[in-house]
Amino acid sequence: GQNIDQPTEMTATEGAIVQINCTYQTSGFNGLFWYQQHAGEAPTFLSYNVLDGLEEKGRFSSFLSRSKGYSYLLLKELQMKDSASYLCAVGSGNTPLVFGKGTRLSVIA
Amino acid sequence: EAGVAQSPRYKIIEKRQSVAFWCNPISGHATLYWYQQILGQGPKLLIQFQNNGVVDDSQLPKDRFSAERLKGVDSTLKIQPAKLEDSAVYLCASSAGGPLLTGELFFGEGSRLTVL
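Bear in mind that the values here come from a model prediction, so they are computed numbers and not experimental data. (Residues numbered from 1 in each chain as written. Chains lettered and ligands numbered in written order. Predicted model: local features only at pLDDT ≥ 70, side-chain atom pairs only at ≥ 80, totals over all residues. Heavy atoms only, no water.)

Asks: Sorry, what's going on with the overall build of chain A here?
Replies: Looking only at helices and strands, chain A has 0 helices and 11 strands in total. Along chain A, from the amino end to the carboxyl end, the secondary structure elements read β-β-β-β-β-β-β-β-β-β-β. In chain A, which comprises 109 residues, the proportion classed as buried is 45%. Taking contacts inside chain A between residues at least 6 apart in sequence as the whole, the part at least 24 apart equals 55%. As presented, chain A carries roughly 5200 Å² of accessible surface, and 49% of it is formed by carbon and sulfur atoms. Computed over 8 positive and 9 negative side-chain charges, the separation of the two mean positions in chain A equals 3 Å. (Helix = DSSP H or I, 4+ residues; strand = E, 2+ residues; numbered from the N terminus. Buried < 20%, exposed > 50% of the residue type's maximum accessible area, 1.4 Å probe, protein only. Contact = heavy atoms within 4.5 Å. Areas by Shrake-Rupley, 256 points an atom, 1.4 Å probe, with all protein chains shown as cover. Lys, Arg positive; Asp, Glu negative; His and termini not counted. Charge placed at Lys NZ, Arg CZ, Asp CG, Glu CD.)

Asks: Got a minute to help me understand the state of the cysteines in this structure?
Replies: Here a disulfide denotes one covalent bond, and it connects the sulfur atoms of two cysteines. Residues and elements named next belong to chain A. Scanning the entire structure with this criterion turns up 2 disulfides over all chains. With a sulfur-sulfur separation of 2.0 Å, Cys 22 is cross-linked through a disulfide to Cys 88. Between Cys 22 and Cys 88, the disulfide has an S-S torsion of -70° and is therefore left-handed. Here the residue Cys 22 occupies a position in strand S3 (residues 18–25), and Cys 88 occupies one in strand S9 (residues 84–92), the gap between them amounting to 66 residues. Taking relative accessible area as the criterion, Cys 88 reaches 0% and is therefore assigned buried. (Disulfide = S-S within 2.5 Å.)

Asks: I'm lost on the interface of chain A and chain B in this one. Help?
Replies: Where the parts come together, the accessible area they lose is often given as the size of the interface. Each partner contributes to the interface: chain A provides 19 residues, whereas chain B provides 22 residues. Summing the contributions of chain A and of chain B, the shared interface buries around 1500 Å²; its carbon and sulfur component is 58%. On inspection of chain A and its partner chain B, the count reaches 0 salt bridges. In terms of residue class, the side of chain A that touches chain B is made up of 10 nonpolar, 8 polar and 1 charged. (Buried area = accessible area lost by both parts, 1.4 Å probe. Salt bridge = Lys/Arg side-chain N within 4 Å of Asp/Glu carboxyl O. Nonpolar A, V, L, I, M, F, W, Y, C, P; charged D, E, K, R; others polar.)

Asks: Would you mind showing me how to read the packing of aromatic side chains here?
Replies: Taken as a whole, this structure holds 16 aromatic pairs over all chains when the rule is applied. With a centroid separation of 5.0 Å and 15° between ring planes, the pair formed by Phe 63 of chain A and Tyr 72 of chain A is classed as stacked. Given a relative accessible area of 16%, Tyr 72 of chain A falls into the buried group. Chaining the aromatic ring pairs together yields one cluster made of Phe 33, Tyr 35, Phe 45, Tyr 48 and Phe 99 of chain A together with Tyr 33, Tyr 35 and Phe 107 of chain B. (Phe/Tyr/Trp six-rings, centres within 6.5 Å; stacked < 30°, edge-to-face > 60°.)

Asks: Would you mind showing me how to read the nonpolar core here?
Replies: Within soluble globular proteins, side chains that are nonpolar tend to cluster in buried spots. Core analysis: the biggest nonpolar cluster contains 21 residues, and Phe 21, Trp 34, Leu 77, Ile 79, Tyr 90 and Leu 113 of chain B have the highest contact counts within it. Of all elements in the fold, only strand S3 (19–24), strand S4 (31–37), strand S5 (44–50), strand S8 (75–79), strand S9 (88–95) and strand S11 (111–115) of chain B reach the threshold of two or more residues within this core. Contact partners of Ile 79 of chain B, with chain neighbours within four places excluded, come to Gln 17, Ser 18, Val 19, Phe 21, Arg 64, Phe 65, Asp 86, Tyr 90 and Leu 113 of chain B. Judged by nonpolar contacts, the second largest core, of 20 residues, contains Tyr 24, Leu 32, Leu 78 and Ala 84 of chain A. (Core = buried A, V, L, I, M, F, W, Y, C linked by side-chain atoms within 4.5 Å.)

Asks: How should I be thinking about the side chain of Ser 95 of chain B in this particular structure?
Replies: Residue and element names in this part refer to chain B. Mapping Ser 95 onto the fold places it in strand S9. Exposure remark for Ser 95: the relative accessible area of 0% places this residue in the buried category. Of note is the side chain of Ser 95, whose polar atom sits 3.2 Å from the side chain of Tyr 33. With residues up to four places along the chain from it excluded, the contact list for Ser 95 reads His 29, Ala 30, Thr 31, Tyr 33, Glu 104 and Leu 105. (Polar contact = N/O pair within 3.5 Å; in protein donor to acceptor, adjacent residues only side chain to side chain.)

Asks: What should I look at first to understand the pattern of salt bridges in this one?
Replies: Any two side chains of opposite charge can pair if their charged atoms end up close together. Residues and elements named next belong to chain B. Per the stated rule, a full pass over the model turns up 7 salt bridges over all chains. Here Arg 9 and Glu 109 are joined by a salt bridge, their closest N and O atoms 3.2 Å apart. One end of the pair, Arg 9, is in the loop between strand S1 (5–7) and strand S2 (10–13); the other, Glu 109, is in the loop between strand S10 (106–107) and S11, and 100 residues separate them in sequence.

Asks: Explain the environment of Ala 39 of chain A to me, please; I cannot follow it from the model alone.
Replies: All names here are of chain A. For Ala 39, the position within the fold is in the loop between strand S4 (29–37) and strand S5 (44–49). Taking the relative accessible area as the measure of exposure, Ala 39 reaches 78% and is therefore exposed. For the pair formed by Ala 39 and Ala 16, sequence separation is 23 residues and the distance between their alpha carbons is 22 Å.

Set out below in structure tokens:
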């Protein structure tokens, strides 16, 4: 089975940087995904890591350490519209993505 | 490019009634998923189809839930009879990759079910 752990809630200030951590335990690791989900909307894809290291995409970056079973999503220059839930998901073996419970981020002025 | 379409967006029923949800994936996507998302939690997989075959339905409560994907395109998810704990958003997603290839998922807007 898989176990994915991420903080339930975080609060950060507009313009600041926030890091959302995700730890996982799985076998046959294929990759780690981050999705963004605004309240009442569907999840949308943000990033995908399959190798160790940092993947940068504009204001968002995602890091992976396979040996530690650890990833983080880094959001820079926070904007109010970044208030959402951020879902960490793991792909392993021949199973579909398994999602964590999500981290609800509130960006305040 | 049209996204994943789902209907209805909202449904309210009483316990023990039945309900059906419909999903039309992105054109050409062979893999289709149904996820259940309870408020405050992440999506939980119910069933995965590859074309019109079931790949994984290990977490589908088969005594009350059923799903089909005739002709390998549209899919329906049915709940009969519904229980209070089935209140959730039912998300349909599709991907271009096969079951052994974990690819990006494209989600529909979901069908929100309330069971009274």
